[in-house]
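Listed below, chain by chain, are the residues.
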Amino acid sequence: MNMIWAIMLLAMGIGGNGDQSANAPNVKDTVATTISSAMIQAQHNNMKVDASNPPVKIDPQPTTPAIKGIYVTAYSAGGSRMTQLLELLDKTELNSMVIDIKDDAGYITYPTTTPELLKLGKPQKFIRDISGLMDRLKKHNVYPIARIVVFKDTVLANKNPEMSFRNPDGSVWKNGKGDGFVNPYNKEVWDYNIAIAKEAAKLGFKEIQFDYVRFPEGFEKRADKLKYTKSDQSRSDAVAEFVQYARKELAPLGVRVSVDIFGYAASVPAAEGIGQDFTKISENVDVISPMVYPSHYTTGWFGVKDPDKNPYQTIKGSMADTHKKLDPTGKLKPIIRPWIQDFTASWLGSGHYAKYGKTQVEDQIRALKDMKVDEYLLWNATNRYTSGVTYK
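Residues numbered from 1 in each chain as written. Predicted model: local features only at pLDDT ≥ 70, side-chain atom pairs only at ≥ 80, totals over all residues. Heavy atoms only, no water.

Draft legend 1. Representation of the overall build of the protein in the model. Counting its regular elements, the protein contains twelve helices and nine strands. Looking at the 392 residues of the protein, the share that counts as buried comes to 55%. When contacts within the protein are restricted to residue pairs at least 6 apart in sequence, long-range pairs at least 24 apart make up 76% of them. On the protein, roughly 17200 Å² of surface is accessible, and the fraction owed to carbon and sulfur atoms is 51%. (Helix = DSSP H or I, 4+ residues; strand = E, 2+ residues; numbered from the N terminus. Buried < 20%, exposed > 50% of the residue type's maximum accessible area, 1.4 Å probe, protein only. Contact = heavy atoms within 4.5 Å. Areas by Shrake-Rupley, 256 points an atom, 1.4 Å probe, with all protein chains shown as cover.)

Draft legend 2. Region of the structure containing the packing of helix 11 (residues 311–326) against helix 12 (residues 358–370). Between helix 11 and helix 12, the least distance of the axes is 8 Å, while the angle of their chain directions is 30°. By the angle between their axes, helix 11 is roughly parallel relative to helix 12. For the crossing formed where helix 11 meets helix 12, the hand is right-handed. Judged by residue contacts, P311, Y312, I315, K316 and M319 of helix 11 engage Q360, D363, Q364, R366, A367, L368 and D370 from helix 12. Classifying every residue of the contact of helix 11 with helix 12 gives six nonpolar, two polar and four charged. (Axes fitted to C-alpha atoms, helices over the stretch in contact; angles between N-to-C directions. Parallel < 35°, antiparallel > 145°, perpendicular 65-115°, else oblique. Left-handed = near helix turned anticlockwise from the far one by under 90°. Nonpolar A, V, L, I, M, F, W, Y, C, P; charged D, E, K, R; others polar.)

Draft legend 3. A look at the environment of A201. Within the secondary structure, A201 is located in helix 8 (residues 187–203). Sequence separation between A201 and R256 is 55 residues; the distance between their C-alpha atoms is 9.6 Å. Residues contacting A201, with those up to four places away along its chain left out, are I208, L253 and V255.

Draft legend 4. Region of the structure containing the confidence of the model for the protein. Summarising the model, the protein shows a mean pLDDT of 91, and 88% of its residues fall at 70 or more. Segment residues 1–24 is flagged for pLDDT under 50; beyond a separation of four residues in sequence, or across chains, it makes 21 contacts in the model. (pLDDT = per-residue confidence, 0-100.)

Draft legend 5. Looking closely at the side chain of E207. Along the chain, E207 turns up in strand 4 (residues 207–211). In terms of polar contacts, E207 uses its side chain to reach the side chain of Y143, at 3.1 Å. Side chain to side chain, E207 and R337 meet in a polar contact 2.8 Å long. Ignoring sequence-local partners within four residues, the contact set of E207 consists of Y143, P144, I145, A146, V255, R256, S258, V287 and R337. (Polar contact = N/O pair within 3.5 Å; in protein donor to acceptor, adjacent residues only side chain to side chain.)

Draft legend 6. Structural detail: the pattern of salt bridges. Enumeration over the complete set of coordinates arrives at 17 salt bridges. R337 is paired through a salt bridge with E375; the nearest N and O atoms lie 2.8 Å apart. In this pair, R337 sits in the loop between strand 7 (335–336) and strand 8 (339–341) while E375 sits in the loop between helix 12 and strand 9 (376–379), placing the two residues 38 residues apart along the sequence. Each member of the pair, R337 together with E375, is buried. Shared partners join several salt bridges into a network, and the residues in it are D100, D104, R147, K152, D179 and D211. (Salt bridge = Lys/Arg side-chain N within 4 Å of Asp/Glu carboxyl O.)

Draft legend 7. Inspection of unusual backbone geometry at higher detail. We note that K372 has phi near 65°; this positive angle belongs to a residue other than glycine. A relative accessible area of 70% means that K372 is categorised as exposed. Of note in the backbone geometry, N383 takes a positive phi value of approximately 65° without being a glycine. Following the sequence through the fold, N383 ends up in the segment after strand 9. The class for N383 is buried, based on a relative accessible area of 2%.

Draft legend 8. Molecular detail of helix 9 (residues 235–250). End to end, helix 9 covers 23 Å across 16 residues, agreeing with the expected 22 Å (1.5 Å per residue, within 8%). Counting buried positions over the 16 residues of helix 9 gives 14, a clear majority of the element. (Expected span 1.5 Å × (residues − 1).)

Draft legend 9. Looking closely at the nonpolar core. I70, M97, I99, F210 and F242 are the most contacted members of the largest nonpolar core, which totals 107 residues. The element best represented in this core is helix 8, accounting for nine residues. (Core = buried A, V, L, I, M, F, W, Y, C linked by side-chain atoms within 4.5 Å.)

Draft legend 10. The packing of helix 4 (residues 81–91) against helix 6 (residues 130–139), seen in detail. Following both chains from N to C, one finds helix 4 and helix 6 inclined at 25°, their axes separated by 11 Å at the closest point. Here helix 6 runs roughly parallel to helix 4, going by the angle between their axes. Between helix 4 and helix 6 lies a crossing of right-handed hand. Taking contact as the criterion, the partners of M82, T83 and L86 in helix 4 are, on helix 6, L133, R136 and L137. Grouping the amino acids of the contact of helix 4 with helix 6 by side-chain chemistry returns four nonpolar, one polar and one charged.

Draft legend 11. The arrangement of the pairing of strand 1 (residues 68–72) in detail. Of all five residues that make up strand 1, five are buried, and the element is covered over most of its length. Residues K68, I70 and V72 line one face of strand 1 and the alternating positions G69 and Y71 line the opposite face, and both faces are buried. In terms of strand pairing, strand 1 meets strand 9 through three bridges, oriented parallel. Note that in strand 9 the partner of I70 across the bridge is L378. (Pairing = 2+ DSSP bridges.)

Draft legend 12. Main features of the pairing of strand 2 (residues 96–102). Of all seven residues in strand 2, seven are buried; the element is thus mostly enclosed. Relative to strand 2, strand 1 runs parallel, the two being bridged by four bridges. In the sheet register, I70 faces strand 2, and the bridge partner there is M97. Bridging between strand 2 and strand 3 (residues 143–149) involves six bridges; their strand directions are parallel. Bridge pairing links M97 to P144 in strand 3.

Put into structure tokens, the structure is as follows:
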């Protein structure tokens, strides 16, 4: 029905040389998005979810410009810092915000009243007025991306231990930082996170960015000791099929699906231990966002002693590996939109890190441009971004 409606709109002259009013570009965008979404939905309808057989890639938002964005915590989005962040976007080439909708602890960051989400989740009032926030973003012409942390979820692990990984004594396993994880083999976990994504899409977010789409780090060392339900699938296939399933479920809503992934995943074989296969995940998303922070590479990467002190060479090397990994996927290759660094990694120790500022941020952007990558996202956990940067 959506396809028929879209074709009728085109036939009536909306698009092309039809309506030339001030609102025409928005109408054209809506029509293009509707057609793409209908095509995606049609191909998914009778298709079995299978990580080894990704569907044909169709961008649900073909008229979207190149995205250059920043990370925004729920605290910032719902607080006074949002004014400064919007001013930053108003005055620069930046045009997008990635906002926590389900955060690293597992909290839903706004007071949802949806019974399906309240059953498993725990909402907070970090963003007290989510509708007001969306109106504000629209007024400033910000492309809104909803960040949903998936399998790292202390809230859900504590609330429903059977969805998590348990120690031999039945207690919920947690990593050294006290974080709980939920089981990527569990379909109910999938549906819960996708339900949050659907609500975010209906609120007006144009893209859903899934983070922590993986098993815990070092999982292969404890997989046989922990209690959890699993299938005969490999961990990589379980994770990739979650992504494909999410895309199928979100297709009717016309949103893009993106995934964050370790930057080094492009430079090494599939990380079966944590279930991240860079290629399989990339084939099943619209956008892939490798986290290529120079501070996260160790001595020797890309031929440099201290990657953090060599942002241009580090980013250039990481993008060379990314293209090499994804070029063979042909038409299944997603948009590459890396996370880059706008923070100082002083924990690396004296002599091994640089104080990041205008030069270091611009070096990373220049490296991306030289490697034919036009999109990127800036990460700073406290949302304090360097002033005076040229983002072109």
